[in-house]
Amino acid sequence: MPLIENGRIVEDRHVRVGPDDPIPERVPIIVPAQRFLAEADALIRRDGSLGIDWPNDRRVAELEPWLGHLALIALNFPKFKDGRAYSQARLLRESYGFGGTLRATGDVLRDQFHFLVRAGFDSFEVKKPADAAVFAEVLARYSVYYQPGADGRLPAARQRLQSDAAPKISEAV
Amino acid sequence: MYIYDSIDRTFVTERVAEFRDQVARRLSGELTEDEFKPLRLMNGVYLQLHAYMLRIANPYGTLSSQQLRRLAHVARRYDRGYGHFTTRQNIQFHWIKLEEIPDALADLAEVGMHGMQTSGNNVRNLTTDQWAGVAPDEIEDPRIWAEIIRQHVTLHPEFSFMPRKFKICVGTAAHDRAALRIHDLAFRLHRNEAGEAGFEVMVGGGLGRTPFLAQTIRPFLKKRDLLSYVEAVLRTYNQFGRRDNIWKARIKILVHDLGAEAFAKEVEAEWQTIKDGPLALDSAAVAEIASRFVYPDYEALEDSPPAFTAARRADPQFDRWVDNAVNNHKKPGYAIVTISLKPEGGTPGDATAVQMDALADLADRYSFGEIRIGHEQNLALPHVAQRDLPAVWRALDALGLAIPNIGLVSDIIACPGLDYCSLANARSIPIAQEITRRFRDLDRQRELGRLHINISGCINACGHHHVGHIGILGVEKNGEEFYQITLGGKADDHAELGALIGPAVPYAKVADVVEDIAAAYLALRTSRDELFIDTLKRTGIEPFRDRIYAAH
């Protein structure tokens, strides 16, 4: 499953640690939510980058005390149609100010890329290699959006106010 | 009319390009039907019994003559020469080919139209009063607020994969003509004691298998907070709405399960964290949207010009049509003309390409190029000078569109039913057609007065049967079509759900039962001034039930 970060296909440096696996030292790891909550004190003192896998049916507010220690949070899309993790991503970025990596996992297909990026994700485990190959192309589909997003683009309403470029009634359809 | 600028035009064009790519990937097999389905739905494409169906958004029910002509073109070029106007102020084409849909959408994009979010688990097309901007009783034009919400929720990065569809309605008039309380989220503009205008927020309405009327969760919301509040409601729903059972996934179930108070608390807590962020509306942003609504350059006219009153006196048929289909306009000397799409034996809401083109011409000549679509599946010319009414009437009559049955028993709201829809259990259209034949006598219809019949071909309630004065719901029993009849529903300022009158009746008996109900009303009413719905309220349904089941 190809991983995309910074717009490119990259090698995943993280080791996924199961519920009962020994914790490796000095390598980036991703641990399941349950295990993290049970062993948080030890995990945050460990030497090495720490990531967690957070399910889409738990409130991200639970993570607030630990956010400063987390380098990565993986949020899950069990199905393409299940969009709970979009809300989790925006809450983490916008309400809790999480500045680490937000990784989208699960049923991640090309037609979600622009939603994901604009919701605040910056790491993508893409299900199909063909989709991963066209990541940049797909993100270029839209040059305008109507709402503020994590990609920092000005929403249409702000563009209109800031520029005279948006023609008005004279170009009526 | 809202006028698209280059941003809006670029956006719809890019959306068509994206969908063209998605269709190509589906046709090549690169996408499975499961993967393609949510993508096509987000563009208004359904797979029905016999063919694909394409649903086009008419935001808040306003169309330009140019747009109506383009819909006629789509009907002719890509479909079978007609389209079907829906209870959500949209239009759908029932016989369209998947491989041609991108071209049809490209043709529509040229006139600022699209199928975005007319289906799928996202925020659907915004609806409002079909008399927006012209009704004498409105505080201000609701379409400005509807447009602000519409833009914000279009291809929203967080709310495009919610548990289920989400319908938002905005009303700003003293009388509710938009059925606010049957929406997932509804805003009613009103003035508080200080005279300031703000929104009452209602949430959790919806029909379907488990009907609920929306409950008020905030009596007054400042206009500046409209978008942040929408965001807080959607975020709460997106996270906590049920996804395990499609029948329990609408926000009404979440509101019901949590209780409106607990739901409101959740929303308010979220809203507090975002209300002063980038979604707070400033007057410049609102003014910018408002500036792109253009209004007719009305003449200074007097009400009831002599040519109009003389024509009424001279021609009883014209007079009858005026009584029935013409309403007051906020500008003196103008009127709102409602156009019935409910001819005897017809399909409620259908219009042919020929009719659409002719109506576009009439709109250009007599209504500043504007047409409206109402949730009752009728159209309207919103700005007709009263002196022109005789000419408009003659022209409509020639098109078969001057039927004075607005609000009467034959003005039936019906879903497409089993004739088209893969979800339906029973036919709706032939039931409507038979009822219109039984009541073909207009004098008899007028004698019965205001009486709304709503027909749905399945529990999904697209025909809004729960809020019909007479509601008819198709069900299937041992492979046969049966119909449950409810009485007393309404979707106005005092919205109520209808009550079931008794056991379901077979297909062949439905029109008989409606006739019995009509006869019962005539026998029970205290005078001609007591409307059907008022008699029912006074007597309850028992006397109606007794008569109907005594007869069968």
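Conventions adopted
- Residues numbered from 1 in each chain as written.
- Chains lettered and ligands numbered in written order.
- Predicted model: local features only at pLDDT ≥ 70, side-chain atom pairs only at ≥ 80, totals over all residues.
- Helix = DSSP H or I, 4+ residues; strand = E, 2+ residues; numbered from the N terminus.
- Buried ≥ 20, exposed ≤ 12 C-beta atoms within 10 Å, placed from the backbone.
- Contact = placed C-beta atoms within 7 Å.
- Domains from an automatic or database assignment.
- Pairing = 2+ DSSP bridges.
- Axes fitted to C-alpha atoms, helices over the stretch in contact; angles between N-to-C directions.
- Parallel < 35°, antiparallel > 145°, perpendicular 65-115°, else oblique.
- Left-handed = near helix turned anticlockwise from the far one by under 90°.
- Nonpolar A, V, L, I, M, F, W, Y, C, P; charged D, E, K, R; others polar.
- pLDDT = per-residue confidence, 0-100.
- Arc of directions from axis to C-beta.
- Right-handed = clockwise from strand over helix to strand, strands pointing away.

Student: So what's going on with the overall build of chain A? Which residues, and what values?
Tutor: The number of helices and strands found in chain A is six helices and eight strands. Reading chain A from its N terminus to its C terminus gives the helix and strand order β-β-β-β-α-β-β-α-β-α-β-α-α-α. Principal-axis analysis of the C-alpha atoms places the extent of chain A at approximately 70 × 35 × 25 Å. When each of the 173 residues of chain A is scored for burial, the buried share is 35%. Pairs at least 24 apart in sequence give 42% of the contacts found in chain A among residues at least 6 apart.

Student: Before we move on, could you go through the interface of chain A and chain B and cite the residues and values that matter?
Tutor: For an interface, size is often stated in terms of accessible area lost upon the parts coming together. On the chain B side, the residues contacting the 34 residues of chain A number 38 residues. Of all elements in the fold, only α2 (84–95), α3 (113–119) and α6 (156–162) of chain A reach the threshold of two or more residues within the side of chain A that touches chain B.

Student: Mind laying out the domain arrangement of chain A, listing which residues take part and the relevant values?
Tutor: Partitioning chain A into domains gives domain 1 (3–142) and domain 2 (146–173). One C-alpha centre belongs to domain 1 of chain A, the other to domain 2 of chain A; they are set 32 Å apart.

Student: If you had to explain the sheet that holds strand β12 (residues 334–339) of chain B to someone new, which residues and values would you point to?
Tutor: Residue and element names in this part refer to chain B. The strand order across the open sheet built from five strands is β3-β14-β15-β12-β11, with neighbouring strands paired in antiparallel fashion. Among the strands making up the open sheet, the edge pair consists of β3 (62–64) and β11 (326–328). Between one strand axis and the next, the sheet turns through 30° on average, direction left out of account. Direction of pairing for strand β14 (residues 370–373) relative to strand β15 (residues 379–385): antiparallel, over a ladder of two bridges. Across the sheet, residue R372 finds its bridge partner in β15, namely A380. Contacting β3 and β14, helix α3 (residues 65–78) runs over the sheet at an angle of about 85° to β3. Lying on the sheet, helix α12 (residues 353–366) is in contact with β14 and β15; it crosses β15 at an angle near 25°.

Student: So, the domain arrangement of chain B: which residues are in play, and what are the values?
Tutor: Residues and elements named next belong to chain B. Each domain of chain B was delimited in the assignment, giving domain 1 (6–109), domain 2 (134–290), domain 3 (306–398) and domain 4 (413–551). One C-alpha centre belongs to domain 3, the other to domain 4; they are set 27 Å apart. Of the residues lining the interface, seven residues belong to domain 3; the matching set on domain 4 comes to eight residues.

Student: I'd love a proper account of the packing of helix α14 (residues 429–438) of chain B against helix α16 (residues 510–524) of chain B, names of residues and values included.
Tutor: Each pair of packed helices can be summarised by the angle the axes make with each other and by the distance between the axes. All names here are of chain B. Look at α14 against α16: their axes get within 9 Å of each other, and the N-to-C directions meet at 45°. One finds that α14 runs oblique with respect to α16. Classified by chirality, the crossing of α16 by α14 is right-handed. On α16, the residues touching I431, E434, I435 and R438 of α14 are V510, A511, V514 and E515. Class assignment of the residues belonging to the contact of α14 with α16 gives a composition of five nonpolar, no polar and three charged.

Student: I'd like a description of the confidence of the model for chain B, backed by residues and values.
Tutor: Taken residue by residue, chain B gives an average pLDDT of 96. The fraction at 70 or more is 100%. The complex model carries a pTM of 0.94, and its ipTM stands at 0.94.

Student: How would you sum up the sheet that holds strand β4 (residues 82–85) of chain B? Please name residues and give values.
Tutor: Residues and elements named next belong to chain B. The strand order β1-β2-β5-β4-β13 describes an open sheet built from five strands, whose pairing is antiparallel. The outermost strands of the open sheet, each flanked by one partner alone, are β1 (45–47) and β13 (350–352). Neighbouring strand axes in the sheet, compared pairwise and without regard to direction, differ in orientation by 30° on average. Along the sheet, α12 makes contact with β4 and β13, crossing β13 at roughly 80°.

Student: Would you mind going over helix α13 (residues 389–398) of chain B in detail, with residue names and values included?
Tutor: All names here are of chain B. What α13 keeps buried is the set L389, V392, W393 and L396. Viewed along the axis of α13, the buried residues span an arc of 100°, placing them on a single side of the element. Exposed residues on α13 whose side chains face more than 90 degrees from its buried face are R394 and A398. Contacts from the buried residues of α13 go to α10 (306–314), α11 (316–325), β11, β12, α12 and β15. Positive phi appears at G400, one or two residues downstream of α13, with a value of about 75°.

Student: Give a description of helix α17 (residues 532–539) of chain B that names residues and reports values.
Tutor: All names here are of chain B. F532, I533 and L536 are the residues of α17 that are buried. Down the axis of α17, the buried side of the element spans an arc of 95°, and every buried residue falls inside it. The elements touched by buried residues of α17 are α15 (442–448), β19 (480–487) and α16. Immediately downstream of α17, the backbone of G540 shows phi near 75°, a positive value.

Student: Residues and numbers for the pairing of β4 of chain B, please.
Tutor: Residues and elements named next belong to chain B. In the sheet, β4 pairs with β13 via three bridges, with the strands oriented antiparallel. From the neighbouring strand, H84 faces β13, where its bridge partner is D350. When β4 meets strand β5 (residues 91–96), the two strands line up antiparallel, connected through two bridges. Looking at β5, one finds that H84 is bridged to Q92. Adjacent in sequence and paired antiparallel, β4 and β5 are bridged by five residues, among which Q89 carries a positive phi angle near 65°.

Student: Which residues make up unusual backbone geometry, and what values do they have?
Tutor: Residues and elements named next belong to chain B. Positioned with a positive phi, Q377 is a non-glycine residue whose angle comes to about 70°. Given 26 C-beta atoms within a 10 Å radius, Q377 is considered buried. Here A461, not a glycine, exhibits a phi torsion of approximately 65°, which is positive. Looking at where A461 falls in the secondary structure, it is placed in the loop between β17 (453–456) and β18 (470–477).

Student: Which residues make up the pairing of strand β7 (residues 101–106) of chain A, and what are the values?
Tutor: The side chains of a regular strand alternate, residue by residue, between the two faces of the sheet. All names here are of chain A. Looking at chain direction, strand β6 (residues 72–77) and β7 are connected through six bridges and run parallel. Within β7, the residue paired with L72 across the bridge is T101. In this region the chain leaves β6, passes through α2 and returns to the parallel neighbour β7; the handedness of that crossover is right-handed. The sheet contact formed by β7 and strand β8 (residues 123–125) spans two bridges and is parallel. Across the sheet, the residue bridging to R103 is S123, located in β8. Tracing the backbone out of β7, into α3 and back to the parallel element β8 gives a crossover that is right-handed.

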